[in-house]
Amino acid sequence: MIAVSQSGKYFQYLEWIPSEGGPLITKFGQIKSAEDFSFKNGNFTTILEEIINESSEASPRFQLSIDTQNIFISHTQYNSSDFIEWQKNQISDPEFETLYDTFSFPFFNSSSLLNIHLHKELKTGIVNSVQDVNGELRTINIGIFSAEIGAKQWFHAHQLESYSIWKMGKNHIDQLLIVKGGEFKTLVTFKRLKNSVKILNLVGSTTLLEKMTSQIESWMSEGLDEFMHMERLFVYSTELNAKDLKKLVESEIRNVTLLNPFEVLDISTEEKINPLKGATFAEMGVGFRGIDV
Amino acid sequence: MFDINLLSEPGIQTKEMADCSVSFLKQKTQVTSNIAPVKKQKKIAPKKVLKLPSISMYTIIFMAIFVVIFYPMISKFDFNISMQSEEFSQEVVIDKVLKVILQSKDDYTIESLQFLDGNVLISLGAFDLSTMKYFQEEMDFSSNGAVRIFGDNNSYSMIAKFPWEIINNGDSISSPESFFEFVNTGKNVEAVISQDEIAMRGSTSDIISIFLQLANAEKLQSNEMAIHSIDANNLIFAVKLSN
């Protein structure tokens, strides 16, 4: 199985095989895509070919996580067919439906919907590239949601009452995903300023979010012993030189865990992986979907 | 937490893990083997000589005899099981209220829509009786019996009532600050704050947004509220603060 994740211009891959002790990583690496990379133009074929050249799998089976930049996210606050129809008429024109596929995920006891809008041509481009390399594609997931699968599969996050995934991004623009009682609560994009946090985009409940952002602000200004209201906070960054992630990990906050798959998974080589570098592979979670680790 | 797989069919997704992989793997060429395949012997269970009736058959016979013997005694018992009155769940009420608001633009005006402790009272006005009748049937008010249509000369009113409960668990909205903790009204909504009420005036979509933010924060049942039409596109939404 080969897990592939895209973050900006970079594609990372991680190949694993089943073993007696659980999944065994046999290959991993990173490929930089061309400046004008586009899934729609079939450029993904080149990336897959490079991965297959490095791989030992005769029949390449992929699980893919794409960058959040490839999708739009919206929130339907009430899950009823009348309301969905009405909202659709308010926010989009008929062209939108011909261009985009919308996948709606119920939450808040199915009363709200998180909508993911994916360009149809982009999806077709991905599938065509997999066909070009005679491969198999099992899943298309998205950035932080794929990392959340990793937190469950590698660190058993699903056994916790509440947890968050914090992705530290470029230019201090981060994402935070809050899960409580096994249910999605909040997805927020925010910018870390000097001593405060500015919300850029929000889907879901604000209740826990305000408590979390105020504690992030506390950590930035005066330090923090523990993130309250949350059993565990999993942090990662797909940036290679993530100074703020290093600072957060070195703060030794009691309930913060670096989302580094290499801490849990066995590797077939003796290679030592720096934990921060390992955490750049956090979005490989989709590759372990439904697998006992 | 939902399981995202964008290879699945668009639309509302189920919680189950979506298996919808696409495969273009080449068929592997069959490797011929010199080893003869081992044929597994099929286990054949010995035939039963005598087939006895199952335990469940005895149970049924026993129950039948029991009922026949003791029926005269059982029939005299008064089990006193009260019939459950037909009530709408809170979700159904929210659904109906939203339909009332959404259709108000075209078909009728909302004279008032009050969330009180005990009932949601809906009062609508229209010029057309057929519109009212159609709305009554569509909303399925009549099965509950809590609806009246009256009026004449092309001026009709409809009053409907749903069960509703204001849950006072000490978590109700008691101040404007606590209200704005849960609700972002947006730039286009005018709000007038008094000692015991927050009244907001805005477009239908803005007021729906406020209504749903309260629903998502599970605050819809914490305070008494009222909605009125101003014109075809604007509504007033008032939330009574608890003391």
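Scroll up for the structure.
This is a predicted model, so every value here is computed, not measured.

Details of the overall build of chain A
What chain A contains, in helices and strands, is eight helices and 15 strands. In chain A, which comprises 293 residues, the share counted as buried stands at 43%. Pairs at least 24 residues apart make up 61% of the contacts formed inside chain A by residues separated by at least 6 positions.

Some details on the overall build of chain B
Along its length, chain B carries five helices and ten strands. A burial count over chain B gives 22% of its 243 residues as buried. When contacts within chain B are restricted to residue pairs at least 6 apart in sequence, long-range pairs at least 24 apart make up 56% of them.

Observations regarding the packing of helix H1 (residues 44–54) of chain A against helix H4 (residues 120–132) of chain A
Residues and elements named next belong to chain A. For the pair H1 and H4, interaxial distance at closest approach is 8 Å and the crossing angle is 40°. Put simply, H1 runs oblique to H4. In this structure, H1 meets H4 at a crossing whose hand is right-handed. Counted together, Phe 44, Thr 45 and Leu 48 of H1 and Gly 125, Ile 126, Ser 129, Val 130 and Asp 132 of H4 form the full contact between these two elements. Here the residues of the contact of H1 with H4 are counted per class, giving four nonpolar, three polar and one charged.

Overview of the nonpolar core
Most often, soluble globular proteins keep nonpolar side chains buried together rather than apart. If you look at the biggest cluster of nonpolar residues, it comprises 77 residues, and the most contacted ones within it are Val 4, Tyr 13, Leu 14, Ala 151, Phe 234, Val 235 and Leu 259 of chain A. For this core, the leading source of residues is helix H5 (residues 143–155) of chain A, giving seven residues. In this structure, Tyr 78 of chain A together with Ile 122, Leu 214 and Met 225 of chain B belong to the second largest nonpolar core, which totals 40 residues.

Here we look at the sheet that holds strand E1 (residues 2–7) of chain A
Read across the open sheet, the seven strands follow the order E15(A)-E3(A)-E2(A)-E1(A)-E4(A)-E8(A)-E2(B); overall the sheet is mixed. Two strands in the sheet have a free side with no partner beyond their single neighbour: strand E15 (266–267) of chain A together with strand E2 (22–23) of chain B. Of the strand pairs in this sheet, E1 of chain A and strand E2 (residues 10–19) of chain A are connected by six bridges, and their pairing is antiparallel. Note that in E2 of chain A the partner of Ser 5 of chain A across the bridge is Gln 12 of chain A. Across the face of the sheet, H4 of chain A comes into contact with strand E4 (61–66) and strand E8 (136–142) of chain A together with E2 of chain B while running at roughly 150° to E8 of chain A.

Things to note about the interface of chain B and chain A
At the interface, 25 residues of chain B touch 39 residues of chain A. The element best represented in the side of chain B that touches chain A is helix H2 (residues 90–107) of chain B, accounting for four residues. Here the residues of the side of chain B that touches chain A sort into 15 nonpolar, seven polar and three charged. Here strand E6 (residues 100–107) of chain A runs beside strand E1 (residues 11–12) of chain B; their pairing, made up of two bridges, is parallel. Among the inter-strand pairings, Ser 104 of chain A is bridged to a residue of E1 of chain B, identified as Ile 12 of chain B.

Examining the pairing of strand E3 (residues 109–115) of chain B
Residues and elements named next belong to chain B. Taken together, the six bridges between E3 and strand E4 (residues 118–126) define a ladder with antiparallel strand orientation. By the bridge assignment for E4, Ser 112 is matched with Ser 123. In this structure, the hairpin formed by E3 and E4 is closed by a connection of two residues.

Points about the sheet that holds strand E13 (residues 232–236) of chain A
Two orientations exist for strands paired in a sheet by backbone hydrogen bonds: parallel and antiparallel. All names here are of chain A. Across the sheet, six strands lie side by side as E12-E11-E10-E9-E13-E14; this open sheet has mixed pairing. Pairing within the sheet leaves two strands with one partner each, and these edge strands are strand E12 (197–204) and strand E14 (256–258). Averaged over all pairs of adjacent strands, the angle between their axes in this sheet comes to 20°, without regard to strand direction. Strand direction decides the pairing type here: E13 and E14, joined by three bridges, are parallel. Residue pairing in the sheet places Leu 233 in a bridge with Val 256 of E14. Packing against the sheet, helix H6 (residues 207–221) makes contact with strand E9 (162–167), strand E10 (173–180), strand E11 (183–192) and E12, and its axis sits at approximately 35° to E11.

Some thoughts on helix H2 (residues 81–91) of chain A
All names here are of chain A. All of the buried residues along H2 are Phe 83, Trp 86 and Gln 87. Angular distribution of buried residues about the axis of H2 spans 100°; they occupy a single face of the element. H2 presents Ser 81, Glu 85 and Asn 89 as exposed residues on the side facing more than 90 degrees away from its buried surface.

Remarks on unusual backbone geometry
Residue and element names in this part refer to chain A. Even without a glycine there, the phi angle at Asn 171 is positive, about 55°. For Asn 171, the location among the structural elements is in the loop between E9 and E10. A positive phi angle, near 55°, is found at Glu 252, a position not held by glycine. Of note, Glu 252 is situated in the loop between helix H7 (243–250) and E14.

About the cut-offs
Residues numbered from 1 in each chain as written. Chains lettered and ligands numbered in written order. Predicted model: local features only at pLDDT ≥ 70, side-chain atom pairs only at ≥ 80, totals over all residues. Helix = DSSP H or I, 4+ residues; strand = E, 2+ residues; numbered from the N terminus. Buried ≥ 20, exposed ≤ 12 C-beta atoms within 10 Å, placed from the backbone. Contact = placed C-beta atoms within 7 Å. Axes fitted to C-alpha atoms, helices over the stretch in contact; angles between N-to-C directions. Parallel < 35°, antiparallel > 145°, perpendicular 65-115°, else oblique. Left-handed = near helix turned anticlockwise from the far one by under 90°. Nonpolar A, V, L, I, M, F, W, Y, C, P; charged D, E, K, R; others polar. Core = buried A, V, L, I, M, F, W, Y, C linked by C-beta atoms within 7 Å. Pairing = 2+ DSSP bridges. Arc of directions from axis to C-beta.

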